[in-house]
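Structure at a glance
Here are the chains, one letter per residue:
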Amino acid sequence: MHALEAHELYRFFHIGDDETAALRGISFHLSAGEIVALVGPSGSGKSTLLSCVTGLDEPDGGHVEVAGMRLTRRSETERTRIRAANFGILPQSGNLFGHLNVEQNLRLQMQLAGKPNEIRIGALLESVDLQHRARAFPTELSGGETARAGLAVALASDPPILVADEPTAEVDRDTELRLIAHFEARRRAGLATLLATHSQALAHRADRIIGLKDGRIDDE
Ligand code: ADP
Ligand code: MG
């Protein structure tokens with residue numbers, strides 16, 4: 001049993017008469033203790049795939065299994081429960097609530113996953129070097145601080161599977177190295193990490209690279 005399995009995923013989008021086939025039969029797996037990098041040009045389907053495997057979006061065909069349990073074709077409530085128990089998500093657009101400071105964002109995330117832990121909040125802030133910014137609101141953070149706070153939120157519930165969409169796209173070199181260190185610590189701890197990335201530095205740290213092109217797996 002894999003941490004995550006995608007079987008023959010299809011996803012179509014329609015705008016007016018135009019149809020975009022964002023995913024055209026994608027299958028892959030992710031094991032515990034593994035870092036897998038999804039790479040491919042802009043528009044190749046990376047974000048759509050990440051949304052489908054985390055249950056944020058529902059594929060039009062195929063199915064997803066998380067720790068042996070089917071995630072697809074379930075009610076929104078059930079998907080949310082499975083997602084909270086299994087995934088930490090670092091979306092491209094950010095995962096911080098604007099009306100909560102950094103520390104409150106972490107606390108909320110832990111509560112949503114049913115794992116409140118005040119001591120872990122301090123440890124997480126320290127691990128992303130944001131102890132001094134615990135009371136800052138998202139609009140008060142720099143780009144690098146936002147990325148690190150987002151990572152801390154994604155890691156708050158110590159998720160079996162971390163999914164990150166281009167986590168290093170807009171960060172400085174120091175922050176990129178810090179993120180990579182976190183991903184490698186997860187590997188040592190036997191946790192799974194799935195990344196969409198354009199960064200060669202990041203892709204090279206992965207155990208496997210899965211290429212995507214026009215919604216299909218590209219073996220080259
Ligand atoms: P990537 O993350 O690799 O850049 P995406 O998964 O965002 O690729 O997009 C794959 C394709 O699906 C693109 O052609 C994109 O325009 C299209 N697409 C993605 N989301 C939507 C949507 N919500 N509505 C319409 N088209 C979409
Ligand atoms: Mg994308």
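Predicted model, so just to flag it, every value in this text is computed and none were measured.

1. Comments concerning helix 6 (residues 173–188)
- The terminal C-alpha atoms of helix 6, which comprises 16 residues, lie 23 Å apart, in line with the 22 Å expected from a rise of 1.5 Å per residue.
- Among the residues of helix 6, those classed as buried are Thr175, Glu176, Leu179, Ile180, His182, Phe183, Glu184 and Arg186.
- Residues of helix 6 that are buried make contact with strand 3 (35–39), helix 4 (118–127), helix 5 (143–155), strand 7 (161–165), strand 8 (192–196) and helix 7 (200–205).
- Among the residues of helix 6, the N-terminal cap falls to Asp172, whose side-chain oxygen and the backbone nitrogen of Asp174 are separated by 3.1 Å.
- Phi turns positive one or two residues past the end of helix 6, at Gly190, with a value near 80°.

2. A few points about the layout of surface pockets
- By volume, the largest pocket amounts to about 440 Å³.
- Every residue lining the largest pocket is counted, 18 residues in all, and those nearest its centre are Arg83, Phe87, Ile89, Gln109 and Leu112.
- A per-class count over the lining of the largest pocket returns eleven nonpolar, six polar and one charged.
- Here the second largest pocket is characterised by a volume of approximately 300 Å³.

3. Quick word on the UniProt feature "domain: ABC transporter" (unreviewed entry) in the chain
- Annotation from UniProt places "domain: ABC transporter" (unreviewed entry) at residues 4–220.
- Spanning residues 4–220, this segment combines 35% helix with 28% strand, and its end C-alpha atoms are found 23 Å apart.

4. Examining the site of ligand 1
- The full set of residues close to ligand 1 is Phe13, Ile15, Thr20, Ala22, Pro41, Ser42, Gly43, Ser44, Gly45, Lys46, Ser47 and Thr48.
- Contacts to ligand 1 include Gly45, whose backbone N or O atom sits 3.1 Å from an oxygen atom.
- Take Thr48: an N or O atom from its side chain is 2.6 Å from an oxygen atom of ligand 1.
- When ligand 1 is considered free in solution it has 560 Å² of accessible area, and contact with the protein chains removes 62% of it.
- Mapped onto the shell around ligand 1, the elements with two or more residues apiece are strand 1 (4–15), strand 2 (18–30) and helix 1 (46–53).
- When its residues are assigned to classes, the shell around ligand 1 shows four nonpolar, seven polar and one charged.

5. Details of the pattern of salt bridges
- If you walk through the whole model with that rule in mind, you get 16 salt bridges.
- We note a salt bridge from Glu58 to Arg79, for which the minimum N-O separation is 3.1 Å. Separated by 21 residues along the polypeptide, Glu58 in the loop between helix 1 and strand 4 (61–66) and Arg79 in helix 2 (residues 76–86) bring together distant segments of the chain.
- Asp158 is the partner of Arg120 in a salt bridge, and the nearest nitrogen-oxygen pair spans 3.9 Å. Here Asp158 lies in the loop between helix 5 and strand 7 and Arg120 lies in helix 4, a separation of 38 residues in the sequence.
- Looking at Arg120, the relative accessible area reads 24%, which means it is partly exposed.
- Judged by its relative accessible area of 40%, Asp158 falls in the partly exposed class.
- Linked through salt bridges whose partners overlap, the residues forming this network are Glu103, Arg107, Glu118 and Arg135.

6. Observations concerning the sheet that holds strand 1
- Here we have four strands laid out as an open sheet, ordered 2-1-4-5, and antiparallel in their pairing. Both outer strands of the open sheet, strand 2 and strand 5 (69–70), are each paired with one neighbouring strand and no more.
- Bridge count between strand 1 and strand 4: five bridges; the pairing is antiparallel. In the strand pairing of strand 4, Ala6 is matched with Val64.
- Relative to strand 1, helix 1 is tilted by about 120°, and along the sheet it contacts strand 1, strand 2 and strand 4.

Reading guide: rules and limits
Residues numbered from 1 in each chain as written. Chains lettered and ligands numbered in written order. Predicted model: local features only at pLDDT ≥ 70, side-chain atom pairs only at ≥ 80, totals over all residues. Heavy atoms only, no water. Helix = DSSP H or I, 4+ residues; strand = E, 2+ residues; numbered from the N terminus. Expected span 1.5 Å × (residues − 1). Buried < 20%, exposed > 50% of the residue type's maximum accessible area, 1.4 Å probe, protein only. Contact = heavy atoms within 4.5 Å. Polar contact = N/O pair within 3.5 Å; in protein donor to acceptor, adjacent residues only side chain to side chain. 1 Å grid on protein atoms, 1.4 Å probe; cavity = no way out; pocket = protein on both sides within 12 Å on 5 of 7 lines; lining within 4 Å. Points joined across faces, edges and corners; volume = space filled by probe spheres on them. Nonpolar A, V, L, I, M, F, W, Y, C, P; charged D, E, K, R; others polar. UniProt positions renumbered as here; feature names shortened; annotations may be inferred. Near = heavy atom within 4 Å. Areas by Shrake-Rupley, 256 points an atom, 1.4 Å probe, with all protein chains shown as cover. Salt bridge = Lys/Arg side-chain N within 4 Å of Asp/Glu carboxyl O. Pairing = 2+ DSSP bridges. Axes fitted to C-alpha atoms, helices over the stretch in contact; angles between N-to-C directions.

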